[in-house]
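If you want the building blocks of each chain, they are given just below.
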Amino acid sequence: MKENIEYVLKAICDACKKANRNVDDVFLLPVSKTKSVYDMEDVISSGFYTFGENKVQEILQKYEYFKNSKIKFHMIGHLQTNKVKYIIDKVSLIHSLDSISLLDKIQQEAKKRNMIVNCLVEINIAREESKYGIFEEDLFDFLSEISKRDNVRVQGLMTVAPYFEDAENTRIYFRKMKLLFDKIAKENYENVEMKILSMGMSNDFKVAIEEGANLIRVGTLIFGKRDYSKI
Ligand SMILES: *Cc1c(COP(=O)(O)O)cnc(C)c1O
């Protein structure tokens, strides 16, 4: 695991150099879905304390295990409205705000608890049928809706790019995301800030960094292949 992390950190460094960016501006989020808490402890010992997860049940179990530590979780997978209540106070960022109904639910549950919930708006940048997320042209209306809901704070945007063996092919999508991100940053929506641009995974994070990502979500390259037969 240590070697994997070193490999990823070196690749982040190289991508930053290539793009003339500061390496401290890129946050590495290890994605621990399907992996054990013991695997996670390995990564924690390398100095990482925030993990990406995509299943509510798994977050609840791992949250319980790490309860008295400084470990934090980001919800990066699609979130069903009926499950919001279980994790709303257990994750520090929801990457997958992708519909008005989810927005309403988060607002409702956050208000009940008198808390502010940090979210990213997920964009379906390549308009894939198989993916969640808001279409580009609907984003401005969506942000207007967010500005009416006081317990939700949008911190930026997230996307899952289409998979290509050659990551170069994802570049146009990451570029589109950065343009969108910069455009919204100039607008003045209440409850909306553009601080986090979450894009890039094991196969395409270098290209994502070159195109302006400041949070990358890396699972396989750190933890190894996932075995879905065990869960
Ligand atoms: C699983 C997952 C990742 C990590 O994917 P890898 O290819 O294993 O790096 C990143 N983002 C999301 C939304 C995921 O579900």
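Residues numbered from 1 in each chain as written. Predicted model: local features only at pLDDT ≥ 70, side-chain atom pairs only at ≥ 80, totals over all residues. Heavy atoms only, no water.

Engineer: Teacher, can you tell me more about the overall build of the protein here?
Structural biologist: Each helix and strand in the protein was counted, giving nine helices and eight strands. Counting only C-alpha atoms, the protein reaches 45 × 40 × 30 Å along its principal axes. For the protein, buried positions account for 49% of its 231 residues. Taking the intrachain contacts of the protein between residues at least 6 apart in sequence as the baseline, contacts between residues at least 24 apart amount to 62%. Carbon and sulfur atoms make up 47% of the accessible area of the protein, which amounts to about 11,700 Å² in all. (Helix = DSSP H or I, 4+ residues; strand = E, 2+ residues; numbered from the N terminus. Buried < 20%, exposed > 50% of the residue type's maximum accessible area, 1.4 Å probe, protein only. Contact = heavy atoms within 4.5 Å. Areas by Shrake-Rupley, 256 points an atom, 1.4 Å probe, with all protein chains shown as cover.)

Engineer: Got a minute to help me understand the environment of Glu193 in this structure?
Structural biologist: Structurally, the position occupied by Glu193 is in strand S7 (residues 192-198). Spatially, the C-alpha atom of Glu193 lies 31 Å from that of Gln61, the residues being 132 residues apart in sequence. Setting aside its immediate chain neighbours within four residues, Glu193 contacts Val154, Gln155 and Gly156.

Engineer: What should I look at first to understand the site of the ligand in this one?
Structural biologist: Around the ligand sit Val31, Lys33, Ile76, Met158, Val160, Met201, Ser202, Arg217, Val218, Gly219, Thr220 and Arg226, and that is every residue in its neighbourhood. One of the side-chain N or O atoms of Arg217 is found 2.8 Å from a nitrogen atom in the ligand. A distance of 2.5 Å separates an oxygen atom of the ligand from a polar atom in the side chain of Thr220. Contact with the protein chains hides 89% of the accessible area of the ligand, taken as 390 Å² for the molecule alone. (Near = heavy atom within 4 Å. Polar contact = N/O pair within 3.5 Å; in protein donor to acceptor, adjacent residues only side chain to side chain.)

Engineer: What is the right way to look at the pairing of strand S5 (residues 117-122) in this model?
Structural biologist: Each regular strand carries side chains that alternate between the two faces of the sheet. Most of S5 is tucked away, with five of its six residues classed as buried. Judged from the two bridges that link them, strand S4 (residues 93-97) and S5 form a sheet pairing that is parallel. Bridge pairing in S5 links Ile94 to Cys119. Handedness of the β-α-β unit built from S4, helix H5 (residues 100-112) and S5 comes out right-handed. (Pairing = 2+ DSSP bridges. Right-handed = clockwise from strand over helix to strand, strands pointing away.)

Engineer: Explain the nonpolar core to me, please; I cannot follow it from the model alone.
Structural biologist: Grouped together as the largest cluster of nonpolar side chains are 68 residues, with contacts concentrated most on Ile12, Leu97, Ile106, Val121, Ile146, Leu157 and Ile216. Leu93, Met158, Ile196 and Leu215 belong to the second-largest nonpolar core, a separate cluster that totals eight residues. (Core = buried A, V, L, I, M, F, W, Y, C linked by side-chain atoms within 4.5 Å.)

Engineer: Before we go on, may I ask you to explain the layout of surface pockets in this structure?
Structural biologist: It is the rolling of a water-molecule-sized probe over the atoms that shows where space remains empty. By volume, the largest pocket is sized at about 630 Å³. If you go around the largest pocket, you meet 29 residues; those closest to its centre are Lys33, Asn54, Ile76, Val160 and Met201. Considered class by class, the residues forming the lining of the largest pocket number twelve nonpolar, nine polar and eight charged. (1 Å grid on protein atoms, 1.4 Å probe; cavity = no way out; pocket = protein on both sides within 12 Å on 5 of 7 lines; lining within 4 Å. Points joined across faces, edges and corners; volume = space filled by probe spheres on them. Nonpolar A, V, L, I, M, F, W, Y, C, P; charged D, E, K, R; others polar.)

Engineer: What's the story with the pattern of salt bridges in this structure? I'm lost.
Structural biologist: Opposite charge on two side chains lets them pair, provided their charged atoms get close. The tally for this structure, following the rule as stated, stands at 20 salt bridges. Ionic pairing is found between Lys18 and Glu210, a salt bridge with its closest N-O pair at 3.4 Å. Remark: Glu210 occurs in helix H8 (residues 205-210) and Lys18 occurs in helix H1 (residues 2-19); sequence separation between them is 192 residues. Notably, a salt bridge pairs Asp89 with Lys90, separated by 3.3 Å at the nearest N-O pair. Taking the relative accessible area as the measure of exposure, Asp89 reaches 41% and is therefore partly exposed. By relative accessible area, which is 23% here, Lys90 ends up partly exposed. Shared partners join several salt bridges into a network, and the residues in it are Lys18, Glu168, Arg171, Arg175, Glu210 and Glu211. (Salt bridge = Lys/Arg side-chain N within 4 Å of Asp/Glu carboxyl O.)

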